[in-house]
Every structure is written in C-alpha cells, then in structure tokens.
Amino acid sequence: MARLRFSVSELRQGLTQVSTRFPFAILYALCAFFAIVQIIEYQDEIYLNQLLVSLLAMPLTVAVTLLAESFNWSKLIKLIGQVVLLALMVLYFILLPEDFDSAPYVHLYRYIGLLFAAHLLVSVSVIGYRNHHLLFWNFNQFIFFRWLLASIFSMVLYAGIAGALLAMHFLFNVDIRGELYGHLFALIASVFHPIYFLAGMPRMQDQQDDAEIHYPKQLNIFSIYILLPIVLIYLIILYAYGAKIIITLNWPIGWVAWLVLGFSVSGIFAYLLIYPLKDSDKNTLARLYYRFYFLLLIPILLLLYVAIFKRISMYSFTEDRYIILIAALWLSILCVHNFIRRSNLIFIPVSLFFATMISLLGPWSMFSVSRQMQYERFIEILDKNKVRNADGQIAQPDTTLQTRMSSDDRFEITSISKYLCDLHGIEVFEELFTQSLDSIKDQSRWNQRDYVLDQIGIEAQYNRSEEYNPETYFSFNCDNVVFDVKDYDLFIADNLTILDNMDSRSKLICTYQGESDTIEITSWVKNKLGGEYNSSFPEEDMTLYITNKKMEKKIVINAISGNYEPASKSNPINIYNVQAYIFIKKLD
C-alpha cells in the first residue's frame, strides 16, 4: 500500500519522472485545466468538448506507455503509438457535436463507454509481462491505493488554499473573484492529482519474478467482513426469487435484470479481491467463495436471461437492454472459462474490454442495433394503422389518426419517438417525412418529439391504458415576444426543470448559482383552466415571482403543457414541457 507521505522534494522528483515517462499525460492534463478555466470564465460549450477529450486521452496515453513497457516496445514504436492516439483524439474532438449538452444522448453513452474501456486498458496493461496474473493483482491494488492517496492529498490541498483565500477575503477585505476558487479546483484536480498519481506508478518490469501477493490488512477486512456478506445476502435473495418464479409460474419483473447484473458484477469484484486468500486455511469463507462463485452464478444467469429476453421480445432492443444482454453473455463466457483456467485473473478485465468495445463501435454496436430495432417497431405500428403512403412516407398529418389509433399504439408511438429523439436525434426520421427537418434539428429534444407526433397527427400519450381526452390536455403560451428588462441585472433563458417525483410532476425547479427554488404551480394552472385548454395569455398572467434576501427572480412562463386530471385528488396536474425566461434583480 502507498505510504502516507508527502513532501515538496518528492513532488519535484515526481514531476521530473512523470514528464519523462508520461509527457503526453501532462499535455492532456494541461489541456483539461485550460478547458475548465475557459468554461468557468466564458461558459463556452466548445471547451466542454476539449475537456471531455482530454479526460479520455489521459488514461489512454498512460495505457499506451504501460503497454509499451510491458511488451518492451522500442522508443520509436512507443512514439508512433502516442502520435496515433493524438490523431485519434483530434478526430474524436472533430466528430463530437458542438453543443454536447443538448446533443442526442448517444454521444454521452458512447463517451462513458470509451472512458470505461480506457481505464480497463490501464488495468490490463501488465499483460505482456511474465507471471502477469500475479503482477495484475499487485499492480491494480497499488494504483487503486495510489489514486486514493492522491485524491486525499488533493482535497486537503484545495481545502487549505481555498480556506486561506477565504480568510484573506473576510479578514483583510482582499477582493477575490469567486471564479478563482474554480480555477484552483481545476488546477489541483486536473494537474496536481494526475501528476502525483503518475509519479508513483510502479515499473512492473522490475517485479516480473516477484511471486508474492501484497495484500493490505484493510483490504482483507473489507473483503471478508463487508463485501462478501453483502454479496451472499443478495445471492440468497435472488435464489429465493428464482424459487418464487418456479412455484408461482410468474415471469420475473423487468428491473430484476439490473439487480442480477449488479449482484454479478459485485460478486466478480469480490472474486478479484479475495484472490490472494483462495488457498488460505484461515479464511474458509474466502476459499469456498473463490471455488464455487461461478458455479453458484449459473442459476442466477438463467434468471437474467429469462428477464432480459422477455423485455426484448416485448419491446425490442434499447441500449439498456443491449448492455444487460452483452453482460449476460460476458458472464457466461467467464463461467465457462473459470471451469477451464480458474487462476487466469487477467482474462476477466481483458474480456470485459473487448465486450465493451464491441458494444460501442460498428454496425453491431448497441447504438446501431437499438436505433434500427426501435425504428422498425415505429414503422410497424404506423403501417398497422395505415399511416404511410405508397412511397413509405408521410406527406401531411392524418387528422383521423387520433381517434382511430388505439391507446396502446399511441403510447408506443409516443415512447419510441421520445426514445429516438432523445438518444439518436430527429435525423432518424428524415426518410419518413417529405418535409425537411433542418429547421427542427437545433431545437430541444422535447420539441423534436412533439414535431414528430404532430406530423403523424396524434397527441402524446403517456399512459398505456388511458384513452385520449382532449379536455385533460392543456397548453398555455405567453403572447409577448418583447420583454422589458430595464429593472433587472440578469436574463437567463430556459432555466426551469420539472421535479419528477414518482407520479407527480406539478413542481418546477429554478436554479441559479447553485441555489434552487421549488415552485408548486397546481393552483396557478387551475386558475387558467377556466378558459380554453389551449390558450395564450399576456405576460402578467404568465409571470411568477420568487424573492429572498439576495435577489428577486421574475419567471415568465413562455410555454407550458401537461395533463389535468380532475378525478385525481393527490396529483391532478402533470407537467410535460415548460419553457421560461428568468429575470434576476440583485438586492444586496
């Protein structure tokens, strides 16, 4: 385990070592720091992409260096590897959408997957050494504690310097910009933390002949007395649930797949942690767990397959279901491999790395498969209701479709269109409509979904069994297009979110500078339902005010829509969409 020791000379020596061994890591760390500073200063979204690419490149460049050491690459091959990585990162930066925040979620899913794969690559980078299964355990144990130590030092360093700046501000009236604290955090998190972490990165070629496992006492306590009992409790619960299915002949509910997956991953994590104890006579539980875990996992895997295939057969593929299925296949491969070569630990992360990359890239990726399958479901429902013309397109909305399409079909169309617009963008529907979609591509995902439904000719349906009733739907708009801002200091567009609290969506959240105000608007909506359910109102009727000691917020609801269910006493109002303008007047 890393020693709890820190000194300036150690930091200076570590910086020299890191700059020699991991020069590209320092380059990417500085790029990340620069991007964070620019985001804090200018809120420019283009720097968010730079930050994301830099954070992805850092573990990848470390992995390239460690793999080069593992396979004893020449300096030229190592440099070529780093240059190729740099070129790939530049290409990825170019391909990222400019407005990453509002882009389809597919980009976020893919980025998270690539970041996960990059860290897996670091984990398995000792694969080229002799005795790599022992080196793998020691290496990952060491870098975990080194990362933890770097994180503790970083937090203490930030708290100390930030506290000193705060003291100077209050005691000596030194004017310190609030952004400086963000800059300080960026410097420590993106530069100091990785440099200190990498300074302690071990050179594993010197330990190839070390057959000893270094097992910290703290890890022993965590694994045996905390993690293993929790895993075994969930194992008992899942076995009991499987017995209930057999007795009652009821199919497993949908979310049990995630429970099984979480148990399986936690179980494998425990399996890796107790590896040094597999032959210990003092830890019978660890020895039995290591021997029988994958055997006990087989019935749980059968439950996982039943749950996920049921969901896929009913609703086809989505990214979440694809992940569960690929994870089930990966776990099955591990079970088979365990019966063949139980001691080959490094196979677990290596196989997970390839499973992750298969899921992220290519026509077989979870994005391509899910998009195609859901679009086919969408078209199938349209054809069932005879919506498309002879050319397979929709030229104009079908005014009769709202009444002749079943409630279940409207619900499915609403759900699929929301999924496709959220995850993949409205570009999915370009071949379906004769009209150009260029004008709608830059609008919000919610507006894109509404546009698709409008072009088809139906209203959004949020409950499968609820028949359409136009009197339960409301849509209010502000008829002003020009607003007076002379009495206010700041203007913010569209800064309201809907508080989604289980079945209730009748509250709005207004957030500014980390402070959130909750607005209950049930009465406000009811007061406007005396007239038309689709109405425009003047600015004063669409305005709400929030005042505290620091500021006054004037909130102009530009557009709001949802459902009103008078029969529901607890949650009669459900908001589905809201757009607002926020005017802020500082009072101090």
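Residues numbered from 1 in each chain as written. Predicted model: local features only at pLDDT ≥ 70, side-chain atom pairs only at ≥ 80, totals over all residues. Heavy atoms only, no water.

(A) A look at the overall build of the chain. A count of helical and extended segments in the chain gives 17 helices and nine strands. In the chain, which comprises 588 residues, the proportion classed as buried is 48%. Put simply, of all contacts in the chain between residues at least 6 apart along the chain, 72% involve residues at least 24 apart. A total of about 30600 Å² of accessible surface is found on the chain, and carbon and sulfur atoms cover 61% of it. (Helix = DSSP H or I, 4+ residues; strand = E, 2+ residues; numbered from the N terminus. Buried < 20%, exposed > 50% of the residue type's maximum accessible area, 1.4 Å probe, protein only. Contact = heavy atoms within 4.5 Å. Areas by Shrake-Rupley, 256 points an atom, 1.4 Å probe, with all protein chains shown as cover.)

(B) Examining a nonpolar patch on the surface more closely. On the surface, a nonpolar cluster with roughly 930 Å² of combined accessible area is contributed by Phe71, Trp73, Leu76, Ile77, Ile80, Val84, Leu88, Leu91, Leu95 and Ile127. Relative to the assigned elements, Phe71 resides in the loop between α3 (46-70) and α4 (75-95). Accessibility expressed as a relative area gives 43% for Phe71, which makes it partly exposed. (Patch = residues over 30% accessible without salt bridge, like charges linked within 9 Å, V, L, I, M, F, W, Y side chains within 5 Å. Salt bridge = Lys/Arg side-chain N within 4 Å of Asp/Glu carboxyl O.)

(C) Region of interest: the pattern of salt bridges. Counting across every chain of the model gives 13 salt bridges. Bridged by salt links that share partners, the residues Arg21, Glu69 and Arg203 form one connected network.

(D) Structural context of the nonpolar core. Within the largest apolar cluster, 114 residues are counted, with the highest numbers of intra-cluster contacts made by Met201, Ile268 and Leu297. Broken down by element, this core gets its largest block of residues, 14 residues, from helix α10 (residues 284-315). Apart from residues lying up to four places away in sequence, Met201 is in contact with Arg21, Phe22, Val62, Leu66, Phe139 and Ile143. Membership of the second largest hydrophobic core comes to 29 residues, among which are Phe476, Leu508, Ile546 and Ile557. (Core = buried A, V, L, I, M, F, W, Y, C linked by side-chain atoms within 4.5 Å.)

(E) Spatial organisation of unusual backbone geometry. Unusually for a residue other than glycine, Asn72 sits at a positive phi of about 60°. Note on placement: Asn72 falls in the loop between α3 and α4. With a phi angle near 55°, Lys386 is a residue other than glycine that sits in the positive phi range. Tracing the chain through its elements places Lys386 in the loop between α13 (366-384) and α14 (401-404).

(F) Representation of the side chain of Ser125 within the structure. Its location among the elements puts Ser125 in the loop between α5 (106-123) and α6 (132-172). Separated by 2.7 Å, the side chain of Ser125 and the backbone oxygen of Val122 make a polar contact. When near neighbours in sequence (up to four residues on either side) are disregarded, Ser125 contacts Ala63, Leu66, Leu67, Ser70 and Phe139. (Polar contact = N/O pair within 3.5 Å; in protein donor to acceptor, adjacent residues only side chain to side chain.)

(G) Summary view of the side chain of Thr356. Structurally, the position occupied by Thr356 is in helix α12 (residues 347-360). In terms of polar contacts, Thr356 uses its side chain to reach the backbone carbonyl oxygen of Leu352, at 2.8 Å. Filtering out sequence-adjacent residues up to four positions away, Thr356 remains in contact with Gly113, Phe116, Ala117 and Leu120.

(H) Structural view of the confidence of the model for the chain. On average, residues of the chain score 84 in pLDDT, and 89% of them reach the 70 mark or higher. Averaged pLDDT values for the elements of the chain fall to 62 in strand β3 (residues 496-501) and rise to 95 in α5. (pLDDT = per-residue confidence, 0-100.)

(I) Region of interest: α5. Taking 1.5 Å per residue, 18 residues should reach 26 Å; α5 reaches 26 Å between its end C-alpha atoms and fits that length. Within the span of α5, buried status applies to Val106, Tyr111, Gly113, Leu114, Ala117, Ala118, Leu120, Leu121, Val122 and Ser123. (Expected span 1.5 Å × (residues − 1).)

(J) Representation of the packing of aromatic side chains in the model. For the coordinates displayed, the defined rule picks out 20 aromatic pairs. Taken together, Phe263, Tyr271, Tyr275, Tyr289, Tyr290, Tyr293 and Phe294 form an aromatic cluster joined through their ring pairs. In this arrangement the basic side chain of Lys554 is found over the ring face of Phe583, its NZ or CZ atom lying 5.2 Å from the centre. (Phe/Tyr/Trp six-rings, centres within 6.5 Å; stacked < 30°, edge-to-face > 60°. Lys NZ or Arg CZ within 6 Å of the ring centre and 35° of its normal.)

(K) Local environment of the packing of helix α8 (residues 217-248) against α10. For the pair α8 and α10, interaxial distance at closest approach is 11 Å and the crossing angle is 30°. As far as their axial angle goes, α10 and α8 are roughly parallel. In this structure, the crossing between α8 and α10 has a hand that is left-handed. For the pair formed by α8 and α10, the contact residues are Ile224, Leu228, Val231, Leu232, Leu235, Leu238, Tyr239, Tyr241 and Ile245 on the first element and Leu285, Ala286, Tyr289, Leu296, Pro299, Ile300 and Leu303 on the second. For the contact of α8 with α10, the residue count by class is 16 nonpolar, no polar and no charged. (Axes fitted to C-alpha atoms, helices over the stretch in contact; angles between N-to-C directions. Parallel < 35°, antiparallel > 145°, perpendicular 65-115°, else oblique. Left-handed = near helix turned anticlockwise from the far one by under 90°. Nonpolar A, V, L, I, M, F, W, Y, C, P; charged D, E, K, R; others polar.)

(L) Inspection of the environment of Ser190 at higher detail. Position of Ser190 relative to the elements: it lies in helix α7 (residues 179-199). Once the C-alpha coordinates of Ser190 and Cys31 are considered, the two residues, 159 residues apart in sequence, prove to be 8.9 Å apart. Look past the residues within four positions of Ser190 in its chain and what remains in contact with it is Ala29, Ala32, Phe33, Ile36 and Met58. Looking at Ser190, its side chain comes within polar contact range of the main-chain oxygen of Ala186, at 2.3 Å.

(M) Main features of helix α16 (residues 445-456). Between the first and last C-alpha of α16 there are 17 Å, a value that for twelve residues agrees with the 16 Å anticipated at 1.5 Å per step. With ten of its twelve residues buried, α16 lies for the most part within the structure. Within the span of α16, buried status applies to Arg445, Trp446, Asn447, Gln448, Arg449, Tyr451, Val452, Leu453, Gln455 and Ile456. The elements touched by buried residues of α16 are α13, α14, α15 (407-423) and β9 (573-586). A positive backbone phi angle near 110° is found at Gly457, which sits one or two residues after α16.

(N) Representation of the packing of α3 against α5 in the model. At their nearest, the axes of α3 and α5 sit 8 Å apart, and the two run at 25° to each other. By the angle class used here, α3 and α5 are roughly parallel. Considering the relative orientation of α3 and α5, their crossing is left-handed. For the pair formed by α3 and α5, the contact residues are Leu52, Leu55, Leu56, Pro59, Leu60, Val62, Ala63, Leu66 and Leu67 on the first element and Tyr111, Leu114, Leu115, Ala118, His119, Leu121 and Val122 on the second. Counted by class, the contact of α3 with α5 contains 15 nonpolar, one polar and no charged residues.

(O) Inspection of the environment of Ser359 at higher detail. Looking at where Ser359 falls in the secondary structure, it is placed in helix α12. The exposure class assigned to Ser359 is buried, which follows from its relative accessible area of 6%. The spacing of Ser359 and Glu319 is 40 residues in sequence and 9.2 Å in space, taken between C-alpha atoms. With near-sequence residues (within four places) excluded, Ser359 lies in contact with Tyr322, Ile326, Ser365, Met366 and Phe367.

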